[in-house]
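# Analysis of the macromolecular model
Here is how the chains run, residue by residue.
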Amino acid sequence: MARQRPTFARSIAALTLVLSIAPGLAPSEAAAQADADRGRVVLSTSGKFIDQRIAEFMEKNDVPGLAMAIVQAPYIPRSAGYGRASLADDELASTRTMWNIGPLTQAFTAVAIFQLYEAQKLDIHAAIGKYLPDLPAAWAKTTVFQLLQHASGIPDYRTSADFKEDRTYRPAELAALVSAQPLLFEPGTQVRMSATGFLLLGLIVERASGVSFHDYVTRHQIEPLGLRSTMFAEDFPKKSFREKPHARFKSEIPFINPVEPAVGYYDVQGKRVAVDPRSSANFFAFGSLWSSAEDISAWDIALAGGILVKREENRALIYKPTKLANGTTVPAMAGWEFTRHPGFMEIKGSTPGFSAYLSRFTAPRDLVCVTLLANKEGLDMTGLARDIAESYKADLGAGIGSDGIVTQESKFSVDETVSRLKALLGERNVPVFATFDHGENARQAGMELRPTKVVVFGNPKVGTKLMQSSQAIALDLPLRLSVWEDERSRVWVGYHAMERLAAEYNVKDNTTVLAIEQMLEKLVAKIVNVYDY
């Protein structure tokens with residue numbers, strides 16, 4: 001495998017040279033545009049360096065360990081570990097630590113499907129019953145492509161009352177958990193993430209290739225790219241070098257900065273409980289892969305051209321918003337989501353004990369990617385990753401310039417984002433007190449303003465608790481979210497950071513402040529994303 005790395009590096013270098021020449025620009029102009037922020041030494045945004053942001057995030061969310069890697073194609077200029085890979089043993093998060101990457105596995109599965117499609121071993125437009133003849137009749141007519149779109153309507157086995165995370169299942173047993181349930185919707189009419197759909201894709205990979213899903217991904221993605229820190233849990237005994245306590249590094253080279261798996265944790269009544277790594281197999285082609293942040297970054301670079309998926313039209317099917325059978329265009333595909341920032345895409349999520357995030361700014365002027373992996377489940381690392389990306393290139397974020405305002409980019413228009421917000425507040429019986437349409441107000445005043453709306457809402461019982469601690473905070477109550485479209489047609493949702501407001505008004509009720517902060521984070525994540533996480 002060592003001989004393949006120079007070939008891979010040369011291919012990526014050549015590919016990036018092509019990508020860096022933007023349409024309509026002379027090569028020299030494109031290079032100047034793309035290189036303006038590359039190689040910067042001072043990497044910060046809003047006055048904070050990357051390490052400080054990561055430290056604050058880990059402390060605030062009680063994260064044992066985290067790994068980060070940055071791509072500025074074709075380079076990986078930064079790869080680092082923070083904290084502990086295991087709390088029980090002397091194992092630090094390092095550049096070779098493997099984490100269960102959970103839903104990022106979907107991206108590997110999608111590549112495998114298109115590799116087989118290009119090899120003419122399967123038809124992505126065929127009904128899945130062609131490859132899996134024993135499926136329930138309601139599932140059989142769904143196409144392979146609809147599984148990739150998460151548009152099948154097949155229920156997610158993770159939602160079954162009979163699914164137990166600490167038990168080991170075979171793929172057929174997982175599918176059986178929901179096989180008697182009706183479809184959630186007619187295939188091709190909606191999008192809803194389903195681990196069952198990607199489980200079926202994994203089985204289709206096996207049927208079409210004649211080898212196991214494990215072997216196909218290993219032979220066609222992991223081994224060609226030389227990803228030494230990428231494998232499945234079943235590979236740990238032969239391919240990882242975990243030792244308790246560490247001693248063999250003094251005499252055996254593989255134990256120097258060893259490839260070893262992190263231990264995942266979840267909270268039970270405020271206590272951290274370790275997760276058995278074998279449980280990751282329950283997520284099969286949806287979430288069973290383990291990798292390091294650095295390996296994910298190398299694999300990410302290979303996505304840019306024809307190394308993994310050879311034909312550009314096929315890459316466009318995976319890495320752009322998808323069109324459903326009913327004609328609706330959805331800003332998501334195969335676990336990826338897309339905003340209005342040109343060329344931006346992200347994939348993220350959790351499995352027991354772990355959280356993972358990968359963003360890709362693929363426009364020629366950007367070429368920045370951020371990978372974050374952590375051994376605590378349920379983390380939303382979207383905001384942290386965006387701040388890190390903005391540290392590398394100034395215009396990748398909202399450009400607010402203050403940590404006192406929390407922002408996330410929406411996948412939807414201003415009107416649709418506001419509509420989703422009001423609908424969700426209605427479901428939760430949270431009153432909306434007012435909606436201000438500043439764009440319309442500007443029009444009536446004979447002025448121009450890009451779409452900008454503010455929604456004012458809140459629970460009087462909760463707000464009163466804050467005012468009982470400090471009445472002056474009434475200046476910033478009820479709660480409000482601003483939704484606006486910037487000069488690049490990107491749509492942002494923003495709100496005041498509760499932690500900062502509490503400090504400003506000397507609010508002592510930390511329990512209520514934390515509850516509101518968590519509610520706002522979950523509310524915004526729900527309205528700006530296509531998938532539920």
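These lines cover the structure that appears in this document, whether it is placed above or below.

Conventions used here
Residues numbered from 1 in each chain as written. Predicted model: local features only at pLDDT ≥ 70, side-chain atom pairs only at ≥ 80, totals over all residues. Heavy atoms only, no water. Helix = DSSP H or I, 4+ residues; strand = E, 2+ residues; numbered from the N terminus. Rg over C-alpha atoms; globule rule 2.2 N^0.38 Å. Buried < 20%, exposed > 50% of the residue type's maximum accessible area, 1.4 Å probe, protein only. Contact = heavy atoms within 4.5 Å. Lys, Arg positive; Asp, Glu negative; His and termini not counted. Charge placed at Lys NZ, Arg CZ, Asp CG, Glu CD. Pairing = 2+ DSSP bridges. Phe/Tyr/Trp six-rings, centres within 6.5 Å; stacked < 30°, edge-to-face > 60°. Lys NZ or Arg CZ within 6 Å of the ring centre and 35° of its normal. Salt bridge = Lys/Arg side-chain N within 4 Å of Asp/Glu carboxyl O. Patch = residues over 30% accessible without salt bridge, like charges linked within 9 Å, V, L, I, M, F, W, Y side chains within 5 Å. Areas by Shrake-Rupley, 256 points an atom, 1.4 Å probe, with all protein chains shown as cover.

## With respect to the overall build of the protein
Broken down by element type, the protein carries 19 helices and 23 strands. Computed over C-alpha atoms, the radius of gyration of the protein comes to 24 Å, within 12% of the 24 Å expected from 2.2 N^0.38 for 533 residues, which places it in the range of a compact globule. Each principal axis of the C-alpha distribution contributes one length, and for the protein these read about 65 × 60 × 60 Å. Put simply, the protein has 533 residues, and 52% of those count as buried. When contacts within the protein are restricted to residue pairs at least 6 apart in sequence, those whose partners lie at least 24 apart make up 66%. Counting 59 positive and 60 negative side-chain charges, the protein places the centres of these two groups 2 Å from one another.

## Quick notes on the pairing of strand β22 (residues 479–485)
Counting buried positions along β22 gives five out of seven residues, so the element sits mostly inside the fold. In this sheet, β22 lies alongside strand β21 (residues 452–457) in antiparallel orientation, the contact comprising six bridges. The residue of β22 that forms the bridge with Lys-453 is Val-483. Relative to strand β23 (residues 491–496), β22 is paired through four bridges, and the arrangement is antiparallel. If you follow Glu-485 over to β23, its bridge partner there is Val-491.

## Points about the packing of aromatic side chains
Counted according to the given criterion, the structure contains 13 aromatic pairs. On the basis of an interplanar angle of 80 degrees and a centroid distance of 5.5 Å, the ring pair of Phe-241 and Phe-255 is categorised as edge-to-face. Note that Phe-241 is positioned in the loop between α10 (236–239) and β8 (260–261) and Phe-255 in the loop between α10 and β8, a separation of 14 residues in sequence. Look at Phe-255 and you get buried, because its relative accessible area is 8%. For the pair Trp-290 and Phe-354, a centre-to-centre distance of 5.1 Å together with 75 degrees between the ring planes defines the contact as edge-to-face. In this pair, Trp-290 is assigned in strand β11 (residues 289–291) and Phe-354 in strand β17 (residues 354–361), connecting sequence segments 64 residues apart. Residue Trp-290 is classed as buried on the basis of its relative accessible area, which comes to 1%. The exposure class assigned to Phe-354 is buried, which follows from its relative accessible area of 2%. One aromatic cluster is present, built from ring pairs that chain together Tyr-157, Phe-163, Tyr-169 and Phe-283. The ring of Phe-344 has Arg-386 lying over it, and the distance from NZ or CZ to the ring centre is 4.7 Å.

## Observations concerning the pattern of salt bridges
Enumeration over the complete set of coordinates arrives at 31 salt bridges. For Asp-387, the salt bridge identified is with Arg-53, shortest N-O distance 3.4 Å. Placement of Asp-387 in helix α14 (residues 382–392) and of Arg-53 in helix α3 (residues 50–61) is noted, with a sequence separation of 334 residues between them. On the accessibility criterion, Asp-387 (26% relative accessible area) is partly exposed. Note that Lys-411 and Glu-337 form a salt bridge whose closest N and O atoms lie 3.9 Å from each other. Highlighted residues: Lys-411 in the loop between β19 (405–409) and α15 (414–427) and Glu-337 in strand β15 (residues 336–338), separated in sequence by 74 residues. Glu-337 shares its class with Lys-411; the two are buried. Salt bridges linked by common partners bring Lys-48, Arg-53, Glu-56, Asp-387 and Asp-403 together as one network.

## A look at the pairing of strand β3 (residues 65–72)
Two faces make up the sheet, and in a regular strand the side chains alternate between them. Within β3, eight of the eight residues are buried, which leaves the element mostly enclosed by the surrounding structure. Side chains Gly-65, Ala-67, Ala-69 and Val-71 project from β3 onto one buried face, and the interleaved Leu-66, Met-68, Ile-70 and Gln-72 project onto a second face that is buried too. Sheet topology places β3 next to strand β4 (residues 75–86); seven bridges connect them, and they run antiparallel. The residue bridging Ala-69 from the neighbouring strand is Ser-79, located in β4. The turn linking β3 back onto β4 is made up of two residues. In this structure, β3 lies alongside strand β18 (residues 368–374), joined through seven bridges in antiparallel fashion. Across the sheet, residue Gln-72 finds its bridge partner in β18, namely Val-368.

## Here's the deal with the sheet that holds β11
Hydrogen bonds along the backbone pair up the strands of a sheet, which may run parallel or antiparallel. Pairing within the open sheet is mixed, and its four strands lie in the order β7-β11-β6-β8. Both outer strands of the open sheet, β7 (231–232) and β8, are each paired with one neighbouring strand and no more.

## Description of a nonpolar patch on the surface
Together, Val-41, Val-42 and Phe-49 make up a nonpolar patch on the protein surface, roughly 330 Å² of accessible area in all. Relative to the assigned elements, Val-41 resides in the loop between α2 (27–35) and β1 (44–45). Overall, Val-41 belongs to the exposed group, its relative accessible area being 78%.

## Remarks on unusual backbone geometry
Going from Ala-73 to Pro-74, the amide bond is cis rather than trans, its omega being 5 degrees. Note on placement: Pro-74 falls in the loop between β3 and β4.

## Considerations on the environment of Phe-436
Tracing the sequence through the fold places Phe-436 in strand β20 (residues 432–437). Each C-alpha atom of the pair Phe-436 and Gly-349 lies 33 Å from the other, and the pair is 87 residues apart in sequence. Sequence-distant contacts of Phe-436, that is, excluding residues within four places in its chain, are made with Thr-452, Lys-453, Val-454 and Val-456.

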